[in-house]
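The lines below spell out each chain.
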Amino acid sequence: MQGRRRLLRGALGFAGSAAFPFAALAAATTVDERFRAIPKHLQVFRTPPSAWPEAVALCQRLGIATLAISIAPIERQRLLADHAAAERAFAPFARSGLAVRCMVGEGAWARGQAGPLPAPIGELFALHDRIFRFEALLLDVEPQVLPEWKRGERAPLVRGTLRLFAAARAACAGRGMKLAAALAPWYTKTPDPDRPGATFLDGCLERLDEALIMAYRNSPAAAAEFARDALAALAQRPIPCWVGLTTQSNDAPGSTYHGLGAKRFMDDVAALHARLKAGPAGPHIAGIAIHQFATFRQMVEN
């Protein structure tokens, strides 16, 4: 086990796999090397700025080049109020070479009408404008959590989400940021109420610069099948797409890698990536998105 920990913490350098992912992948001969060489995106939830250096260190050990941070409301306000503290907090990201995104969202935002963007997005834009330039904004809205969605009253939520994406994308473009969003594969089964023949997912893809498809299944075959219709839609409306797996504990059988161990997870990430790249959406697959930092770190360090 000690040898495995050393391998997980060292071996292939971050710079090599981040700068030359295709060459590194072609040269990889072990599961650990293949895992490091595959493009990866890590979501960092509920992690205070004091622990951001730990997230950076994990990314650098494991060849993760893209990281999205969720900043708690009280922390956003504190950082905006104290410029010096904010610069210290973001310094590890500034030195890291990582592509750093900010991540935020609430299901209730899908109820919104035309007007100003939600205040939390404005706070992240203020941090971007004054302190640290994020590479992208990642929205995690998920209108399916709302009771209206569960009752089948989906058309207003679809319209509200698409309106939000369009407005956020315009605001991001003016700042040199990309807009991405976490999307459920089953959005392909919800129609766009204003465009006959189009789906909610189609409308999302048209309003984003990147997508993150939440294909939360704990085998490559199951994840690819779960995301199949979403990937087919992506092939018709191509934008870069991350395909997400989760290491978070939950009660949905077959959805998570929680408790299955680092070796199994790394094997499956490599197998899923190969399967996706060989499929019809292959040219548009940006890599594998890992949800989330705390449980993933626990997995690879035990």
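Residues numbered from 1 in each chain as written. Predicted model: local features only at pLDDT ≥ 70, side-chain atom pairs only at ≥ 80, totals over all residues. Heavy atoms only, no water.

So, unusual backbone geometry
That bond from H291 to Q292 is cis: its omega, 25°, falls within 30 degrees of zero. Residue placement: Q292 occurs in the loop between β8 (285–291) and α15 (293–301). The phi dihedral of E142 is positive, around 55°, even though this residue is not glycine. With respect to the secondary-structure elements, E142 resides in the loop between β4 (136–139) and α9 (147–150). (Helix = DSSP H or I, 4+ residues; strand = E, 2+ residues; numbered from the N terminus.)

Focus: helix α10 (residues 155–173)
Structural remark: α-helix, 3.6 residues per turn; residues separated by three or four positions point the same way. Spanning 19 residues, α10 covers 27 Å between terminal C-alpha atoms, matching the ideal 27 Å at 1.5 Å per step. All of the buried residues along α10 are L157, V158, G160, T161, L162, L164, F165, A168, A171 and C172. In the core, the buried residues of α10 are packed alongside α8 (119–130), β4, α9, β5 (178–183) and α11 (200–206). (Expected span 1.5 Å × (residues − 1). Buried < 20%, exposed > 50% of the residue type's maximum accessible area, 1.4 Å probe, protein only. Contact = heavy atoms within 4.5 Å.)

Re the layout of surface pockets
Computed from the structure, the largest pocket encloses a volume of approximately 360 Å³. Taken together, 18 residues line the largest pocket, and the ones lying closest to its centre are E142, W186, M214, Y216 and N250. By volume, the second largest pocket is sized at about 250 Å³. In terms of lining, the second largest pocket is formed by 16 residues, of which the most central are F45, S70, M103, V104 and G105. Elements supplying a minimum of two residues to the lining of the second largest pocket: α6 (73–81) and β3 (99–104). (1 Å grid on protein atoms, 1.4 Å probe; cavity = no way out; pocket = protein on both sides within 12 Å on 5 of 7 lines; lining within 4 Å. Points joined across faces, edges and corners; volume = space filled by probe spheres on them.)

A word on the packing of aromatic side chains
For any pair of aromatic rings, the description rests on two quantities: the centre-to-centre distance and the angle between the ring planes. Scanning the entire structure with this criterion turns up 15 aromatic pairs. Seen from their ring centres, F35 and F296 are 6.3 Å apart, and the 35° between their planes marks the pair as tilted. One end of the pair, F35, is in helix α4 (residues 31–37); the other, F296, is in helix α15, with 261 residues separating them in the sequence. By relative accessible area, which is 0% here, F35 ends up buried. Judged by its relative accessible area of 0%, F296 falls in the buried class. (Phe/Tyr/Trp six-rings, centres within 6.5 Å; stacked < 30°, edge-to-face > 60°.)

Some remarks on the sheet that holds strand β7 (residues 241–246)
Strand order in the closed barrel formed by eight strands is β1-β2-β3-β4-β5-β6-β7-β8, with parallel pairing between adjacent strands. Ignoring which end each strand starts from, the neighbouring axes of this sheet average 25° apart. Across the face of the sheet, helix α14 (residues 262–277) comes into contact with β7 and β8 while running at roughly 150° to β8. (Pairing = 2+ DSSP bridges. Axes fitted to C-alpha atoms, helices over the stretch in contact; angles between N-to-C directions.)

Concerning the pairing of β4
Across the two faces of β4 the burial is the same, with A136 and L138 and L137 and L139 all buried. In this structure, β3 lies alongside β4, joined through four bridges in parallel fashion. When the sheet's bridge partners are listed, M103 is paired in β4 with L138. As a crossover connection, the stretch from β3 through α8 into β4 is right-handed. (Right-handed = clockwise from strand over helix to strand, strands pointing away.)

Thoughts on the environment of M266
In this structure, M266 sits in helix α14. For the pair M266 and I131, spaced 135 residues apart in sequence, the C-alpha separation works out to 35 Å.

What to know about the side chain of D202
Relative to the elements of secondary structure, D202 occurs in helix α11. Judged by its relative accessible area of 5%, D202 is buried. Those residues in contact with D202 that lie beyond four places of it in its chain are G197, A233 and R237.

Describing the packing of α6 against α8
In the contact formed by α6 and α8, the axes pass within 10 Å of each other and the chain directions differ by 35°. By crossing handedness, the relation of α6 to α8 is classed as left-handed. Along its contact with α6, which presents R76, Q77, L79 and L80, the element α8 presents P120, E123, L124, A126, L127 and R130. For the contact of α6 with α8, a count of residues per class yields six nonpolar, one polar and three charged. (Left-handed = near helix turned anticlockwise from the far one by under 90°. Nonpolar A, V, L, I, M, F, W, Y, C, P; charged D, E, K, R; others polar.)

Quick look at the confidence of the model for the chain
Residues with a pLDDT of 70 or more make up 90% of the chain, whose mean pLDDT is 92. Note that pLDDT drops below 50 for residues 1–20; the model gives that stretch 39 contacts with residues more than four away or on any other chain. (pLDDT = per-residue confidence, 0-100.)

What about the pairing of strand β1 (residues 40–44)?
Where burial is concerned, most of β1 is hidden: five out of the five residues are buried. With burial as the criterion, each face of β1 is covered, one bearing K40, L42 and V44 and the other bearing H41 and Q43. In terms of strand pairing, β1 meets β8 through four bridges, oriented parallel. Residue pairing in the sheet places Q43 in a bridge with H291 of β8. With four bridges connecting them, β1 and strand β2 (residues 66–70) associate as parallel partners. Bridge pairing in β2 places Q43 opposite A68. Crossover connection from β1 via helix α5 (residues 52–62) to parallel β2: handedness right-handed.

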